[in-house]
Amino acid sequence: TVGDDIEGTIQIKTALNRVETHTMGLRNPYMGFADFRAAFADGTSSDWSIEPSEGSLKQREDTEFIVKFRPSTPGVSEGYLVIETEDFKKTWKVVGST
């Protein structure tokens, strides 16, 4: 589910059936490390993907996430990316276009 606050918007523009990526880093704002899950909210097109989809966030070092958009139909695709641990949930709006 989408979090209460939106961290920002990730916008990607690419040609039909061509992959374009956006890379971002995230740290655990609390002590130590925290296991996370990264996924797109229900209703987000399967044209979107995220790597890694699970793992550990460290406090002192960014975990690099790669958001991929590969449009299968022309137009605009919108949705939400959610990265969640036991202690927090971060949400970004994703907007892809051809």
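My aim in this report is to walk through the structure given alongside it, one point at a time.

**Quick look at the overall build of the chain**
Right, on to step 1. The number of helices and strands found in the chain is 0 helices and 8 strands.
Right, on to step 2. Counted from the first residue to the last, the chain has its helices and strands arranged as β-β-β-β-β-β-β-β.
Right, on to step 3. For 98 residues, the compact-globule formula gives about 13 Å, and the C-alpha radius of gyration of the chain, at 14 Å, lands near that figure.
Right, on to step 4. In terms of overall dimensions, the chain has a C-alpha envelope of 45 × 25 × 20 Å along the principal axes.
Right, on to step 5. The 98 residues of the chain split such that 37% are buried.

**A word on the sheet that holds strand β7 (residues 76-84)**
Right, on to step 1. If you trace the 5 strands from one edge of the open sheet to the other, you get β1-β8-β7-β3-β5, paired in mixed fashion. In this open sheet, the two strands that pair with only one neighbour each are β1 (6-13) and β5 (54-58). Here the strands of the sheet are splayed against their neighbours by 25° on average, with no regard to which way each runs.

**Here's the deal with the environment of Ala39**
Right, on to step 1. By secondary structure assignment, the location of Ala39 is in strand β3 (residues 33-40).
Right, on to step 2. When the C-alpha positions of Ala39 and Ser53 are compared, they lie 6.4 Å apart, and in sequence the two are 14 residues distant.
Right, on to step 3. Aside from chain neighbours lying at most four places away, what touches Ala39 is Ile50, Tyr80, Leu81 and Val82.

**Quick word on the pairing of β7**
Right, on to step 1. Relative to β7, β3 runs antiparallel, the two being bridged by 4 bridges. Of the residues in β7, the one forming a bridge with Arg37 is Glu84.
Right, on to step 2. Examined bridge by bridge, β7 and strand β8 (residues 89-97) share 9 bridges and lie antiparallel to one another. Bridge pairing in β8 links Val76 to Ser97.
Right, on to step 3. In this antiparallel pair of consecutive strands, β7 and β8, the connection spans 4 residues.

The rules behind the values
Counting restarts for each chain, with residues numbered from 1 along the sequence as it is written. Reporting of local features is limited, given that this is a predicted model, to residues whose pLDDT is at least 70; pairs of side-chain atoms are given and counted only at 80 or more, and all residues count toward the totals for whole chains, interfaces and linings. As a convention, hydrogens and water are excluded, and side-chain values are obtained from all of the structure's heavy atoms. Numbering of helices and strands runs from the N terminus, with a helix taken as a DSSP run of H or I at least four residues long and a strand as a DSSP run of E at least two residues long. For the radius of gyration, the atoms used are the C-alpha atoms, and the globule rule reads 2.2 Å times the number of residues raised to 0.38. For every residue, the accessible area obtained with a 1.4 Å probe (protein chains only) is divided by the maximum for its type, and the residue is called buried under 20%, exposed over 50%, and partly exposed between those limits. Each pair of strands is called paired provided DSSP finds at least two bridges between the two strands. Helix axes are fitted only over the stretch in contact, all axes being lines through C-alpha atoms; the angle between N-to-C directions runs from 0 to 180 degrees. In this analysis, two residues are considered to be in contact whenever any of their non-hydrogen atoms come within 4.5 Å of each other.

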